[in-house]
Amino acid sequence: MREGNYINGKWVASQEGIVYDHRNPADLTQITGTWPRSTAVDARSAIQAALKAFEGWRRATVYRRAECLRKALSLMRERIDRIAAVITAENGKTLAESRAEIVSAIKEMDYQINEGIRLGGRIMPSEREGVLAYGVRVPLGVVAVISPWNFPFNVPSRKITPALITGNTCILKPAGLTPGVGAEFVALFEDAGLPEGVLNFVTGCGDVLGPALVEDPAVKAVTFTGSTDVGVGIHRTAAKNLTRTQLEMGGKNPLVVLADADLDEAAEAAAVAAYACAGQWCTSTSRAIVEQSIHDEFVAMLLERVKKIKVGKGTVPDTTMGPVCGKGQLAGVLEYIQKGKDQGARLVVGGSQIKDDELAKGCFIEPTIFTDVTCDMAIAQEEIFGPVLSVIRATGLDDAVDIANHVRFGLSSSVYTKDIEKALTFVERTEVGLTHVNIPTAFKEPQLSFGGVKMSGCGLPEAGDTGVEFFTEHKVAYIRYR
């Protein structure tokens with residue numbers, strides 16, 4: 001593994017020489033790597049390298065750019081096991097979950113390469129004789145990519161691929177909790193022969209590097225995935241230079257279960273989407289909103305599944321849920337669990353840190369279910385980002401939709417029902433960027449855009465055809481030839 005910043009085609013230390021240790025969330029006594037705690041000076045060096053490389057990269061044909069990206073994609077396929085091991089060591093996911101993330105990244109990258117090749121202009125008739133009128137899309141320039149720790153490999157793939165294929169140059173700032181995963185991603189492009197300066201990489205604290213990247217007028221766009229509070233701050237700062245932003249932020253995703261639903265499928269969907277990756281998907285099911293008449297039966301079926309979850313280190317084959325990603329995340333989730341208790345929710349299962357045997361060295365939390373949750377409780381309103389599911393009673397479809405929408409977030413939702421009228425009514429009324437019928441809240445595919453509404457998203461969404469659209473701007477030409 002390369003342990004350093006990657007600027008202008010070279011792996012380098014921070015100019016001030018300050019470093020930090022990353023620790024495995026499954027065993028905090030294990031240091032997985034030592035990384036630069038970069039400063040604004042390092043960020044500026046990366047920006048200058050990207051600026052220098054931009055003209056040459058933008059002038060390369062899209063087929064030349066695609067050739068280089070496809071080499072990186074081929075290496076990605078070859079290195080799945082190696083990259084998965086780094087994801088598990090830094091994030092805590094099971095190896096199966098880490099491999100699944102890489103497979104998803106491969107699909108995202110392959111789709112966006114082809115979207116870039118298909119990105120053409122548009123010829124329109126002119127009212128004047130002898131005039132050719134057309135529009136094309138051109139790259140923005142230098143773009144900053146600020147990626148999260150929960151999907152530290154897939155999200156950079158989803159963001160950087162469309163940026164590069166359309167002719168932009170990039171600076172990747174990975175989450176401080178997953179620098180090694182970001183380095184593995186960048187190494188693919190280095191080994192694929194990407195020209196110097198086209199992709200740069202700086203590690204360190206977001207409070208330092210974020211402003212340095214967002215405030216610089218040379219940076220023409222910022223794409224960010226992370227918390228809503230940080231995203232709002234980025235948007236506010238970027239507005240000073242009219243810098244384009246793409247923000248994918250928090251969620252409080254509801255899974256609505258109506259009385260006519262297949263309860264086996266609904267309970268399975270809730271268990272999978274609430275506890276996969278320790279509940280740390282932005283699209284994880286955080287609230288199960290269940291019609292009153294089947295509430296108790298649903299909870300019993302859900303409880304059966306949750307009790308079968310095997311919590312442990314991600315490297316152990318029979319583990320089905322790993323730790324949360326670090327001490328800060330551990331403390332935050334436990335704080336929300338305590339708020340749930342204090343505000344009168346009923347703790348059905350879980351609710352504690354696991355301190356048995358070797359797990360005591362890590363950040364392990366029991367899969368947790370609360371019932372008797374009301375809409376005004378913190379656990380029903382705020383993003384917990386951990387293995388905690390709140391079950392809320394509803395009197396029917398209208399009440400369930402009102403409860404589902406009664407949050408500031410709007411990322412993902414799902415409804416389980418056999419009634420097509422109720423299903424389509426829910427799809428029409430749910431206030432989210434992506435919704436589902438009889439499918440878990442976390443499901444997505446690369447051919448459609450991905451992003452939220454309300455306080456979950458801002459700007460053009462990622463993926464689909466908006467993936468490449470975000471990284472380009474319109475240019476129109478009128479040519480008098482006769």
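Remember, it's a predicted structure, so these values are computed and weren't measured experimentally.

Cut-offs applied
- Residues numbered from 1 in each chain as written.
- Predicted model: local features only at pLDDT ≥ 70, side-chain atom pairs only at ≥ 80, totals over all residues.
- Heavy atoms only, no water.
- Pairing = 2+ DSSP bridges.
- Helix = DSSP H or I, 4+ residues; strand = E, 2+ residues; numbered from the N terminus.
- Axes fitted to C-alpha atoms, helices over the stretch in contact; angles between N-to-C directions.
- Buried < 20%, exposed > 50% of the residue type's maximum accessible area, 1.4 Å probe, protein only.
- Contact = heavy atoms within 4.5 Å.
- Core = buried A, V, L, I, M, F, W, Y, C linked by side-chain atoms within 4.5 Å.
- Expected span 1.5 Å × (residues − 1).
- Bend = angle between axes of the 7 residues up to and from the residue.
- Phe/Tyr/Trp six-rings, centres within 6.5 Å; stacked < 30°, edge-to-face > 60°.
- Lys NZ or Arg CZ within 6 Å of the ring centre and 35° of its normal.
- Parallel < 35°, antiparallel > 145°, perpendicular 65-115°, else oblique.
- Left-handed = near helix turned anticlockwise from the far one by under 90°.
- Nonpolar A, V, L, I, M, F, W, Y, C, P; charged D, E, K, R; others polar.
- Disulfide = S-S within 2.5 Å.
- Right-handed = clockwise from strand over helix to strand, strands pointing away.
- Salt bridge = Lys/Arg side-chain N within 4 Å of Asp/Glu carboxyl O.

Caption draft 1: How the structure looks around the sheet that holds strand S22 (residues 472–480). Pairing in this open sheet of three strands is antiparallel, and the strands run S5-S6-S22 from one edge to the other. The strands lining the two open edges of the sheet, one partner per strand, are strand S5 (122–124) and S22. The mean inter-strand angle of the sheet, taken between neighbouring strand axes irrespective of direction, is 20°. Taken together, the nine bridges between strand S6 (residues 131–139) and S22 define a ladder with antiparallel strand orientation. Following the sheet pairing, Tyr134 is matched in S22 by Ala477.

Caption draft 2: View of the pairing of S6. Here S5 pairs with S6 via three bridges, running antiparallel. Residue pairing across strands places Met124 opposite Ala133, the latter belonging to S6. The turn joining S5 and S6, which pair antiparallel and follow one another in sequence, is formed by six residues; a positive phi near 75° is taken by Gly130.

Caption draft 3: Highlighting helix H7 (residues 206–215). Taken as a whole, H7 has its buried residues at Leu209, Gly210, Ala212, Leu213 and Val214. Where H7 is buried, its residues touch helix H1 (40–59), strand S7 (142–146), strand S8 (169–173), strand S10 (219–225) and helix H8 (228–238).

Caption draft 4: Quick look at the nonpolar core. Grouped together as the largest cluster of nonpolar side chains are 60 residues, with contacts concentrated most on Val257, Ile289, Phe298, Leu302, Ile369 and Val373. Of all the elements, helix H9 (residues 263–275) adds the most residues to this core, at eight residues. Discounting chain neighbours no more than four positions away, the residues touching Val257 are Leu263, Ala266, Ile289, Val290, Glu291, Ile294, Phe298 and Tyr416. The next biggest cluster of nonpolar side chains, apart from the first, holds 48 residues, and it includes Tyr6, Leu140, Phe153 and Phe470.

Caption draft 5: Representation of H1 within the structure. Here H1 spans 29 Å end to end across 20 residues, near enough to the 28 Å set by a 1.5 Å rise per residue. Of all the bends in H1, the greatest measures close to 40° and is centred on Ala53. All of the buried residues in H1 are Asp42, Ala43, Ala46, Ile47, Ala49, Ala50, Ala53, Phe54 and Trp57.

Caption draft 6: Spotlight on the sheet that holds strand S12 (residues 253–257). Strand order in the open sheet made by the seven strands is S14-S15-S16-S13-S12-S18-S19, with mixed pairing throughout. Each having just a single partner strand, strand S14 (346–349) and strand S19 (434–437) make up the two edges of the open sheet. Each adjacent strand pair in this sheet contributes to an overall mean axis angle of 20°, direction not counted. In the packing of helix H10 (residues 295–306) onto the sheet, the strands contacted are S12, strand S13 (285–291), S14, strand S15 (368–371) and strand S16 (388–394), and the crossing angle to S16 comes to about 165°.

Caption draft 7: Spatial organisation of the packing of aromatic side chains. What the rule picks out here adds up to seven aromatic pairs. Their ring planes at 65° and their centres at 6.1 Å tell us that Trp11 and Phe201 sit as a pair that is edge-to-face. Placement of Trp11 in strand S2 (residues 10–12) and of Phe201 in strand S9 (residues 199–201) is noted, with a sequence separation of 190 residues between them. Among the residues examined, Trp11 registers a relative accessible area of 24% and is labelled partly exposed. Note on Phe201: relative accessible area 0%, which makes it buried. Here Phe470 and Phe471 contribute two aromatic rings whose centre-to-centre distance is 4.9 Å and whose plane-to-plane angle is 85°, an arrangement assigned as edge-to-face. Given a relative accessible area of 1%, Phe470 falls into the buried group. In textbook terms, an aromatic cluster arises when at least three aromatic residues are bridged by ring pairs, as seen for Tyr6, Trp11 and Phe201. Sitting over the face of the ring of Phe151, Lys93 holds its NZ or CZ atom 3.8 Å from the ring centroid. Between Arg118 and the ring centre of Tyr111, over which it is positioned, the NZ or CZ distance is 5.8 Å.

Caption draft 8: Structural context of the packing of helix H13 (residues 397–405) against helix H14 (residues 420–429). At a minimum axis distance of 11 Å, the contact between H13 and H14 shows a crossing angle of 25°. When the axis of H13 is compared with that of H14, the two are roughly parallel. By crossing handedness, the relation of H13 to H14 is classed as right-handed. Between H13, through Leu397, Asp398, Val401, Asp402 and Asn405, and H14, the contact on the second element is made entirely by Lys422, Thr425, Phe426 and Arg429. Per-class residue counts for the contact of H13 with H14 are three nonpolar, two polar and four charged.

Caption draft 9: Quick peek at the state of the cysteines. Counting across every chain of the model gives zero disulfides. With no disulfide partner, Cys68 has as its closest neighbouring cysteine sulfur the one in Cys170, 12 Å distant. Under the relative-accessibility criterion, Cys68 is labelled buried at 1%. Residue Cys325 stays outside any disulfide, its sulfur separated by 8.2 Å from that of Cys363, the closest cysteine.

Caption draft 10: Focus on the pairing of S8. Taken across its five residues, S8 has five buried, putting it largely inside the fold. Here S8 shows a buried face lined by Thr169, Ile171 and Lys173 and a second buried face lined by Cys170 and Leu172. Relative to S8, S7 runs parallel, the two being bridged by five bridges. Looking at S8, one finds that Ala144 is bridged to Ile171. The parallel pair S7 and S8, bridged by helix H5 (residues 154–165), forms a crossover whose chirality is right-handed. Two elements, S8 and S9, share three bridges in a ladder whose sense is parallel. Across the sheet, Cys170 pairs through a bridge with Leu199, a residue of S9. On the question of chirality, the crossover connecting S8 to the parallel S9 by way of helix H6 (residues 179–191) is right-handed.

Caption draft 11: Main features of the pattern of salt bridges. This model, assessed by the stated rule, comprises 20 salt bridges. Salt-bridge contacts for Glu108 lead to Lys444; the nearest nitrogen and oxygen are separated by 2.8 Å. Here the residue Glu108 occupies a position in helix H4 (residues 95–118), and Lys444 occupies one in the loop between S19 and strand S20 (453–454), the gap between them amounting to 336 residues. Under the relative-accessibility criterion, Glu108 is labelled buried at 1%. Between Arg393 and Asp296 there is a salt bridge, and its shortest N-O distance comes to 3.8 Å. Separated by 97 residues along the polypeptide, Arg393 in strand S16 and Asp296 in helix H10 bring together distant segments of the chain. A network of salt bridges, in which partner residues are shared, links Glu108, Arg158, Lys159, Lys444 and Glu462.

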